[in-house]
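What the coordinates show
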Amino acid sequence: MSSKELTAFLAWAEENEILWDKTAIEIKETPTKHGLGVFAKKHLEPGYEAIQVPKAIVLSVQTTGIANLLEDDEIEGDTALTIGCMYELSRGDQSPWAPYLNLLVKRPPQMATSLSKEAREMMKLCEAYSDIESDIKDLQEDYESIVVPFIEKNSDVFTAEIKAKFFTLEAFRAMMEIVSSRGMDVDNFHVTALVPFADFVNHNPMPTADFLTHEDVCEICGALACEHMEDEDDEESEEGSDDDDEVPDLAGDDATPAKTEKKAANKGKKSEEDMEEDDGEEWEDEDAEDDDDEEINDTCDIILDDEVEKGEEIT
């Protein structure tokens, strides 16, 4: 099934270098008609990389346009991400994620908290009833104690018109449902985020794919390697030095992660003397070559664990 929003999203995904093989997979309506899913267009083998999403385009508390305001008010977690998404939605086409958010709000998840009061009343004898009511109460409390004071404090950003249209209790509930159903653990920097395209892969008790990403990044800027991490390594090295200010053995057990990686790259290297003792045999540092060749992609990937037949949903 095609739609204007889905077509716009796919064009946006290409522009932002999200990778997928159009001959192999597609996003379409699920058989239950409860939303979108990712389906195979042909037989796919285990190990197949179905989707690759650059971290630069994930929507997180760190990447939203009000990241600084959320940090100033020490708002974190799903509530912070929800407010950030509401803000980006309020920006319309000016938001970098406009086509993505437009598709999400047109296809909201089916959640118990979105049931009408009348529907919930019919569930009073069910065990889940109290949990649903508790969730709704928590949503309202978070809205009144966190969201309302936040937008009132930043009235220069959230005008009365924006507040009335995009920051109502109902809007907060709807976006929180999107965040709670789609949020994915990305890394030390983004923490939980919305990962466009990858988050259309639905959950299943017997999944056929894994969500893989490099989690160990700089908590300050999100880079795989940067000056912040180097400064931290330097501090750890200084703390580990002895009273005589001797140069620490960076190849020892107390080496920092960065130094340990360097140690691995130099593992097995021999002195000229050692080389001569090898009866003139040519020695190659295979471990170092392997480490040099290894490249970490700073992306979020969907990789198949099992084979998927043509027409089947990837989960």
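Residues numbered from 1 in each chain as written. Predicted model: local features only at pLDDT ≥ 70, side-chain atom pairs only at ≥ 80, totals over all residues. Heavy atoms only, no water.

As recorded by an unreviewed UniProt entry, the protein chain carries the name SET domain-containing protein and is attributed to Linnemannia exigua.

1. Remarks on the packing of aromatic side chains
Counting across every chain of the model gives 10 aromatic pairs. For the ring pair phenylalanine 9 and phenylalanine 200, a centre distance of 5.4 Å and an interplane angle of 75° mean the geometry is edge-to-face. With phenylalanine 9 in helix H1 (residues 4-15) and phenylalanine 200 in the loop between strand S6 (191-194) and strand S7 (209-213), this pair connects stretches of sequence that are 191 residues apart. Aromatic side chains tyrosine 143 and phenylalanine 172 sit 6.0 Å apart centroid to centroid with 40° between the ring planes, which places their arrangement in the tilted category. In this pair, tyrosine 143 is assigned in helix H6 (residues 128-153) and phenylalanine 172 in helix H8 (residues 169-182), connecting sequence segments 29 residues apart. Judged by relative accessible area, which is 12%, tyrosine 143 ranks as buried. Here the aromatic cluster, defined as three or more aromatic residues joined through ring pairs, consists of Phe9, Trp12, Trp20, Tyr100, Phe197 and Phe200. The ring of tryptophan 20 carries lysine 22 above its face, with NZ or CZ at 4.8 Å from the centroid. (Phe/Tyr/Trp six-rings, centres within 6.5 Å; stacked < 30°, edge-to-face > 60°. Helix = DSSP H or I, 4+ residues; strand = E, 2+ residues; numbered from the N terminus. Buried < 20%, exposed > 50% of the residue type's maximum accessible area, 1.4 Å probe, protein only. Lys NZ or Arg CZ within 6 Å of the ring centre and 35° of its normal.)

2. Observations concerning the sheet that holds S7
Taken in spatial order, the 3 strands make up an open sheet running S3-S8-S7, and their pairing is antiparallel. Pairing within the sheet leaves two strands with one partner each, and these edge strands are strand S3 (49-54) and S7. The average undirected angle you get between the axes of adjacent strands in this sheet is 15°. Judged from the 5 bridges that link them, S7 and strand S8 (residues 299-304) form a sheet pairing that is antiparallel. The residue bridging phenylalanine 211 from the neighbouring strand is isoleucine 302, located in S8. (Pairing = 2+ DSSP bridges. Axes fitted to C-alpha atoms, helices over the stretch in contact; angles between N-to-C directions.)

3. A short note on the layout of surface pockets
Approximately 580 Å³ is the volume found for the second largest pocket. For the second largest pocket, the lining is made up of 24 residues, of which Ser181, Asp199, Val201, Asn202 and His203 are closest to its centre. Contributing elements (two or more residues each) for the lining of the second largest pocket: H8 and S7. Here the lining of the second largest pocket takes 3 residues from S7, the largest share from any one element. (1 Å grid on protein atoms, 1.4 Å probe; cavity = no way out; pocket = protein on both sides within 12 Å on 5 of 7 lines; lining within 4 Å. Points joined across faces, edges and corners; volume = space filled by probe spheres on them.)

4. Side note on H1
In this model H1 runs 17 Å from its N-terminal to its C-terminal C-alpha over 12 residues, within 8% of the 16 Å that 1.5 Å per residue would give. Listed as buried for H1 are Leu6, Phe9, Trp12 and Ala13. The buried residues of H1 occupy an angular sector of 125° when projected down its axis, which confines them to one face. Across H1 from its buried face, at more than 90 degrees, point the exposed residues Lys4 and Glu15. Those residues of H1 hidden inside the fold are in contact with strand S1 (25-29) and helix H4 (98-106). Looking at the residues trailing H1, positive phi occurs at glutamate 17, about 65°. (Expected span 1.5 Å × (residues − 1). Arc of directions from axis to C-beta. Contact = heavy atoms within 4.5 Å.)

5. Here we look at the pairing of strand S2 (residues 36-40)
With 5 of its 5 residues buried, S2 lies for the most part within the structure. Burial along S2 is two-sided: the residues Leu36, Val38 and Ala40 and Gly37 and Phe39 are all buried. In terms of strand pairing, S1 meets S2 through 5 bridges, oriented antiparallel. Across the sheet, residue isoleucine 25 finds its bridge partner in S2, namely alanine 40. As defined by bridge partners, S2 adjoins strand S9 (residues 313-314) across 2 bridges and the pair is classed as antiparallel. From the neighbouring strand, valine 38 faces S9, where its bridge partner is isoleucine 314.

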